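Okay, here's what each chain looks like letter by letter:
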Amino acid sequence: MTESAAPERRAYYFDSYTRMFTARIVERLTFDKRPAVVLDKTYFYPSSGGQPFDKGTINGSQVVDVVVRPADGAIVHVLAGEVSGEEARGEVDWARRFDHMQQHTGQHILSQAFVREANAETVSFHLGADSVTIDLAASSLSAEALERAEELANRVVMENVPVKAWFPSEDELAKIALRKTPEGLEPGALRVVAIGDFDFNACGGTHVACTGEIGTIKIIKTETFRRNVSGQLRVEFRCGRRALDDYRQKNAIVNQLAADFTCGFWEVDQAVARLRAEAQTNRRELKTARDQLLDYEAASLAASASSLDGLRVIRKAWPERDAAELRALAGKLAAQANSVALLGTAGEKAHLVLARAEGLAPDMNVILKSALAALGSGRGGGSPSLAQGGGAAANLDQVESALSQAEKELLSRL
Ligand SMILES: [Zn+2]
């Protein structure tokens, strides 16, 4: 072990609660194009083991990152600006650090609870600004198993069990049943975190002194699928302040919904189910009514259409109409023998629908091509009996002359 990596330099190993300290600057360097310092001892936690680095200040300058230098294990404090002098006065952002301590200690407990209640080992841990997750070696867990683990974890919190972190001797370590045994560590370099006699784990992070400080441990949700890793279950949870914030936010939403539905919060799910069923019925009825209306419109258009040698051509343009509705209308018109529908809508995305009855010769794709050329732009296609297209902006006059061109083309091909 290098001197830079000596546990004594990492003062947070022995005391998670000191937030103001003085130390000696033993090295100045540039890291990621920013000034940085190494201290003879530090309470700033570097990003590692799933726990993010501590923020705060050194001699008034913001600490923007804290990293472990791989070459020698030194802790590098990256700063927003240069600092002067040999002495460093450090102040750790306590709100951020304590939040990390709550989430991280809560994670130890929850991981052990999943081992006991579901025989599911924790594969990895992630602590972010918004989410806290563990990935379990389990493809799925029942709601009951999740609740049992959550229940056990919260019991350990409420018992206010002491949390101890230390470097045991080799003999002592041999007697400790670690939840997970790390590999390739020198004897005496392994730090053990014990939560009463509930959980023993190797960890370099910062933890609360007693489990009561964690507050509530609440599982938020689980995901069975994670970046194509099968056989793993991601469990998202919140501890302490984050659990309270989450509860506040959800409580406000549920209360608002209950007020909107004028019901109790416990009835909101039923109210939503009723609303959804109602909306589904409405959609169905609306679809039937629209369909009937289109039938009437098709009949009316067909009755007023010009007829030439028994061929009925229905040509009409609208300033603004839904393309799907145009298509439905064209389909209805072309269902009548010897009928051709040439319909269009103007607007930001002008659209033409050309349809003909079965048995007529002209290919509507060819007619559409000619109409789109008259429109000046647009793309489309379809079957010989129904083709549609457009896409570019056009006004009513432009759409009408495109349809007129379509009719000319059609008549020339009969
Ligand atoms: Zn830990």
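Residues numbered from 1 in each chain as written. Predicted model: local features only at pLDDT ≥ 70, side-chain atom pairs only at ≥ 80, totals over all residues.

Section: the sheet that holds strand β3 (residues 56-58)
Inclusion rule: A pair of strands counts as paired when DSSP detects no fewer than two bridges linking them. Strands here are runs of E lasting at least two residues and helices are runs of H or I lasting at least four, both read from the DSSP assignment and numbered beginning at the N terminus. Note on method: axes are straight lines fitted to C-alpha atoms, helices fitted across the in-contact stretch only, with angles between N-to-C directions ranging 0 to 180 degrees.
Strand order in this closed barrel of six strands is β1-β2-β5-β4-β3-β6, and the pairing throughout is antiparallel. Taken pair by pair, the neighbouring strands of this sheet meet at an average axis angle of 45°, ignoring direction. Sheet analysis places β3 next to strand β6 (residues 87-92), joined by three bridges and oriented antiparallel. Among the inter-strand pairings, G56 is bridged to a residue of β6, identified as V92.

Some points on the nonpolar core
Keep this limit in mind: When buried Ala, Val, Leu, Ile, Met, Phe, Trp, Tyr and Cys residues are joined through C-beta atoms within 7 Å, the set is termed a nonpolar core. Exposed residues have 12 or fewer other C-beta atoms within 10 Å of their own C-beta, buried residues have 20 or more, and residues in between are partly exposed; the C-beta atoms are placed from the backbone. Any residue pair is listed as a contact if its two C-beta atoms, each placed from the backbone, are within 7 Å.
In terms of nonpolar packing, the biggest core is built from 32 residues, with A330, A341, L354 and A371 touching the most fellow members. Those elements that provide at least two residues to this core are β15 (311-318), α6 (323-334), β16 (339-345), β17 (351-356), α7 (364-375) and α8 (396-412). If you tally residues by element for this core, the top one is α7, at six residues. If we skip the residues at most four places from it in the chain, A341 touches I314, A330, L333, A334 and A355. Among the nonpolar cores identified, the runner-up in size contains 29 residues, and F114, V157, I214 and V235 belong to it.

Some points on the packing of helix α1 (residues 94-118) against helix α2 (residues 143-158)
Spelled out, the test is: Small angles under 35 degrees read as roughly parallel and large ones over 145 as roughly antiparallel, with 65 to 115 read as roughly perpendicular and the rest as oblique. Left-handed describes a crossing whose near helix is turned anticlockwise from the far helix by less than a right angle; the clockwise case is right-handed. Three classes are used: nonpolar for Ala, Val, Leu, Ile, Met, Phe, Trp, Tyr, Cys and Pro, charged for Asp, Glu, Lys and Arg, and polar for all others, with Gly counted as polar.
Two elements in contact, α1 and α2, have axes separated by 8 Å at closest approach and are oriented at 130°. Here α2 runs oblique to α1, going by the angle between their axes. For the pair α1 and α2, the sense of crossing is right-handed. Residue-level contacts link I109, L110, A113, F114, R116, E117 and A118 of α1 to A145, R148, A149, L152, A153 and V156 of α2. When grouped by side-chain class, the residues that make up the contact of α1 with α2 number ten nonpolar, no polar and three charged.

Details of the domain arrangement of the protein
Put simply, the rule reads: Note that the domain bounds were set by an automatic or database domain assignment.
Domain annotation of the protein identifies domain 1 (3-92), domain 2 (98-256) and domain 3 (301-412). Once you take the C-alpha centre of each, domain 1 and domain 2 turn out to be 27 Å apart. Each side of the interface is counted separately: domain 1 has ten residues, and domain 2 has 15 residues.

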